[in-house]
Amino acid sequence: MRSIPEVTSLVWKGDTPREASLTESEFVMGNKPQISGMRRVGTPAEQAAQQRHPELEALVRQTLVRLGEDPERPGLQRTPERIANALTFLTSGYKQTVEEVVEGAIFPDDCDEMVIVKDVEFYSQCEHHMLPFFGRVHVGYVPDGKIIGLSKIARIVDVFARRLQVQERMTGQIADGLMDILAPRGVGVVVEASHFCMMMRGVQKQNSSTLSSAMRGIFHEDARTRMEFMDLIRR
C-alpha cells in the first residue's frame, strides 16, 4: 500500500486557528481532525453563517410562495434556512476589514524584488442580479522594507469578494487594501472571472470571461514593472 504522509490542517477555536494531525487511517477514511475530542467549529465567517436568521428566512419563504412553490413540501422545508446561511457566508466580507484578517502578519525585510501570488480562486456575487461570478486573482507587490504573510493576500481577496460586487470595483479594492496595510512601492492586481449574469441569462454567452486590472504605485508609473508583472502571471 502506498505510504500516505501525516496530514496537518487547521482547526478553529473561537478566532484562533490550531494545528491538528490526521493519521494515515484517518486520512484514508476521510476523518476530520480533532484536538482532544474538540470538534472543528469553523472560521468566524462559517460560525456566523450557521446562526439562525429568522427575518431573512421569512423573506426567502415569501419568495418561494411568490414563485408558485410550496415552502412546506419536504424538499423545501429547510431551504429558507439554507439560503439564509449561504447568503450570510457569501456576504461575510461586509463584517471584516483588511486589518482584522491580516492580524499583524507584516514583517520587516530587505526584499526589494517583486512578490506575486497568482491563481487565488474567489467567488462573489454580482450586485445587479445577485448571481455568482468567480475566477482567479493575481496579486503582485514590490516591498518597501516590509513583507506580508502570503496567506493574508488570499484573505484580503476574500474580504472584498464576499460582498455584492462588480468586478471592476473589487479589483481596485484589493489593490488599495494591500497598499494601505503594507505601504509597498506598488501593487498590481489582475482578475479573471466568469459571470453567471451573462452566461445563464441575458446574452447567454457561456464561454465569455472578463479581465480587469488595477495598478498602484510603481506598477502604474513604470511600464517595465507592469510588463514584468503581466509576463510572470501568464506563465
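Above this text is the structure in question.
Residues numbered from 1 in each chain as written. Predicted model: local features only at pLDDT ≥ 70, side-chain atom pairs only at ≥ 80, totals over all residues. Heavy atoms only, no water.

Q: Quick question: what am I supposed to make of the overall build of the protein here?
A: Looking only at helices and strands, the protein has nine helices and nine strands in total. Residues counted as buried form 39% of the 235 residues belonging to the protein. For the protein, contacts bridging at least 24 residues in sequence account for 67% of all contacts bridging at least 6. Carbon and sulfur atoms make up 52% of the accessible area of the protein, which totals about 14,100 Å². (Helix = DSSP H or I, 4+ residues; strand = E, 2+ residues; numbered from the N terminus. Buried < 20%, exposed > 50% of the residue type's maximum accessible area, 1.4 Å probe, protein only. Contact = heavy atoms within 4.5 Å. Areas by Shrake-Rupley, 256 points an atom, 1.4 Å probe, with all protein chains shown as cover.)

Q: Can you walk me through the pattern of salt bridges in this structure?
A: It is possible for side chains of opposite charge to pair when their charged atoms get near one another. All told, the structure shown has 10 salt bridges when counted by the stated rule. Notably, a salt bridge pairs Arg 162 with Asp 158, separated by 3.7 Å at the nearest N-O pair. Here Arg 216 makes a salt bridge to Asp 176, at a shortest N to O gap of 2.7 Å. Note that Arg 216 is positioned in strand E9 (residues 210–217) and Asp 176 in helix H7 (residues 167–182), a separation of 40 residues in sequence. Taken together, the shared-partner salt bridges in this structure form one network comprising Asp 119, Arg 136 and Glu 192. (Salt bridge = Lys/Arg side-chain N within 4 Å of Asp/Glu carboxyl O.)

Q: Sorry if this is basic, but what is going on with the packing of aromatic side chains here?
A: How two aromatic rings sit relative to each other is given by the distance of their centres and the angle of their planes. Within the structure shown, the criterion is met by four aromatic pairs. Here the aromatic rings of Phe 122 and Phe 133 are separated by 5.8 Å at their centres, their planes lie at 70°, and the arrangement is edge-to-face. Of the two residues, Phe 122 sits in strand E4 (residues 115–126) while Phe 133 sits in strand E5 (residues 132–142), which places them 11 residues apart along the sequence. Summarising the aromatic geometry, the rings of Tyr 123 and Phe 134 are spaced 6.2 Å apart at their centres and angled 20° between planes, so their arrangement reads as stacked. (Phe/Tyr/Trp six-rings, centres within 6.5 Å; stacked < 30°, edge-to-face > 60°.)

Q: Before we go on, may I ask you to explain the pairing of strand E8 (residues 186–195) in this structure?
A: Along any regular strand, the residues point their side chains to alternate faces of the sheet. For E8, a buried count of nine out of 10 residues is recorded, marking the element as mostly surrounded by other parts of the structure. Of the pairings in the sheet, the one linking E5 to E8 comprises 10 bridges and is antiparallel in character. Across the sheet, His 138 pairs through a bridge with Val 190, a residue of E8. Here E8 runs beside E9; their pairing, made up of eight bridges, is antiparallel. (Pairing = 2+ DSSP bridges.)

Q: Help me out: how do you make sense of the packing of helix H6 (residues 150–161) against H7 in this one?
A: Geometry of a packed helix pair, given as the angle between the helix axes and the separation of the axes. Between H6 and H7, the shortest axis-to-axis distance is 9 Å and the interhelical angle comes to 135°. Taken as axis vectors, H6 and H7 run oblique relative to one another. For the pair H6 and H7, the sense of crossing is right-handed. Here H6 contributes Ile 156, Val 157, Phe 160 and Ala 161 to the contact with H7, which in turn contributes Met 170, Gln 173, Ile 174, Leu 178 and Ile 181. (Axes fitted to C-alpha atoms, helices over the stretch in contact; angles between N-to-C directions. Parallel < 35°, antiparallel > 145°, perpendicular 65-115°, else oblique. Left-handed = near helix turned anticlockwise from the far one by under 90°.)

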